[in-house]
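Observations on the three-dimensional arrangement
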Amino acid sequence: MLKANSDKRRAKNGLPLKAKWRRDWQMVLLMIPGVVFLLVFFYLPVIGNVVAFQDFQPYLGIMHSEWNGLQNFVNLYANPDFWDALRNTLLLAAVQLLLFFPVPIGLALIVDSLVSNRFRRWFQTIAYLPHFLSWVLVVTLFQQSLGGAGFVNNLLRQAGLDPIPFMTNPDTFPLLVVAQLIWKDAGWAMIIFLAALTTVDVSLYEAAAADGAGRWRRLWHITLPALRTVIVLLLILRIGDILSVGFEQFILQRDSVGPGAAEVLDTFTYYAGVVGGDWSSGAAAGLAKGVVGALLLWGANSLAHRLGEPGIFQRRT
């Protein structure tokens, strides 16, 4: 009886720690640089969030600055510029989610349907090459193409038409942002969906074709269900990161369209904390954004569990 219980505990707990170390010590050593990087550049800076609860003075430091409780958050929520930045952030995040998120899926389906491997490799290379360009270069290319003295407006002038303010119109700025994002990162995001499509058994397509299913029915009943788990996973991550729509892309175009259209939470934190010298308000805005993002991530993951999807982190059964 005791031996049976011991065998059950050993089966439940797995191998002893020494046996696991002998088996996986190489993997643990390879993990150490990544863990150190996360600790130094991600987890240790979290301690600096105490500035959000202080009247922080750089020359006094964290240890000697006065504590003021939640006053920084009260001042933040009474600031109309914060609410303008929040409104712009939510608007831009919604536009990105609706217009950008489906594009990598469509590109992956197009690449997967290509018969020629040579043309497929060429298409992939062209699609994800812009990802390696900085936002400075991307915005410059768009300015040279769509700006007031750009290629498109010069063609309109030669045709006797009035130029269109593509780069300076606050009303169409969300569409411009999404266009830049699609051109830069859609090809790179496509790689994840292509990796998911490689797991689909080819015999499923052959059996469906033998039963008379056309291309669209095979797409609907085989391809899209194979992508469902990945789509839900990336959608959860995007919802959790919905308040972080970007920094470089907006700060580079803030002067051309005005803060009323391009001011988001990230740029507001920069101008309030770094440029304006109000470090505590900037830290309060950043901390509030992080807490809301964590709650959204948890809520989206819980909803995925209710819909039968594994989500990001699974509940132990």
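Residues numbered from 1 in each chain as written. Predicted model: local features only at pLDDT ≥ 70, side-chain atom pairs only at ≥ 80, totals over all residues. Heavy atoms only, no water.

As recorded in an unreviewed UniProt entry, the protein goes by Carbohydrate ABC transporter membrane protein 1 (CUT1 family) and comes from Kribbella pratensis. Reading the Sequence similarities (unreviewed entry) entry of the UniProt record for the protein gives the comment "Belongs to the binding-protein-dependent transport system permease family." According to the UniProt record, the Subcellular location (unreviewed entry) comment for the protein is "Cell membrane". (UniProt positions renumbered as here; feature names shortened; annotations may be inferred.)

A complete count under the given rule lists 14 aromatic pairs for this structure. Considering the side-chain rings of Phe247 and Tyr270, the 5.6 Å spacing of their centres and the 75 degrees angle between planes classify their relative orientation as edge-to-face. Note that Phe247 is positioned in the loop between helix H12 (215–240) and helix H13 (248–251) and Tyr270 in helix H16 (residues 265–275), a separation of 23 residues in sequence. Owing to a relative accessible area of 31%, Tyr270 belongs among the partly exposed residues under this scheme. Members of the aromatic cluster, each reached through a chain of ring pairs, are Tyr77, Phe82, Trp83 and Phe268. Positioned above the aromatic ring of Trp135, the side-chain terminus of Lys184 is 5.2 Å from the ring centre. Here Arg254 stacks its cationic end above the ring of Tyr271, 4.0 Å away from the centre of that ring. (Phe/Tyr/Trp six-rings, centres within 6.5 Å; stacked < 30°, edge-to-face > 60°. Helix = DSSP H or I, 4+ residues; strand = E, 2+ residues; numbered from the N terminus. Buried < 20%, exposed > 50% of the residue type's maximum accessible area, 1.4 Å probe, protein only. Lys NZ or Arg CZ within 6 Å of the ring centre and 35° of its normal.)

Below, the discussion takes up the packing of H12 against helix H17 (residues 279–306). When two helices pack together, their arrangement is given by the angle between their axes and by how far apart the axes lie. Following both chains from N to C, one finds H12 and H17 inclined at 155 degrees, their axes separated by 7 Å at the closest point. Relative to H17, the element H12 is oriented roughly antiparallel. Helix-helix and strand crossings are classified by hand; for H12 and H17 the assignment is right-handed. Across from Val232, Ile236, Leu237, Ile239 and Gly240 in H12, the residues of H17 making contact are Gly293, Leu296, Leu297, Ala300, Asn301 and Ala304. (Axes fitted to C-alpha atoms, helices over the stretch in contact; angles between N-to-C directions. Parallel < 35°, antiparallel > 145°, perpendicular 65-115°, else oblique. Left-handed = near helix turned anticlockwise from the far one by under 90°. Contact = heavy atoms within 4.5 Å.)

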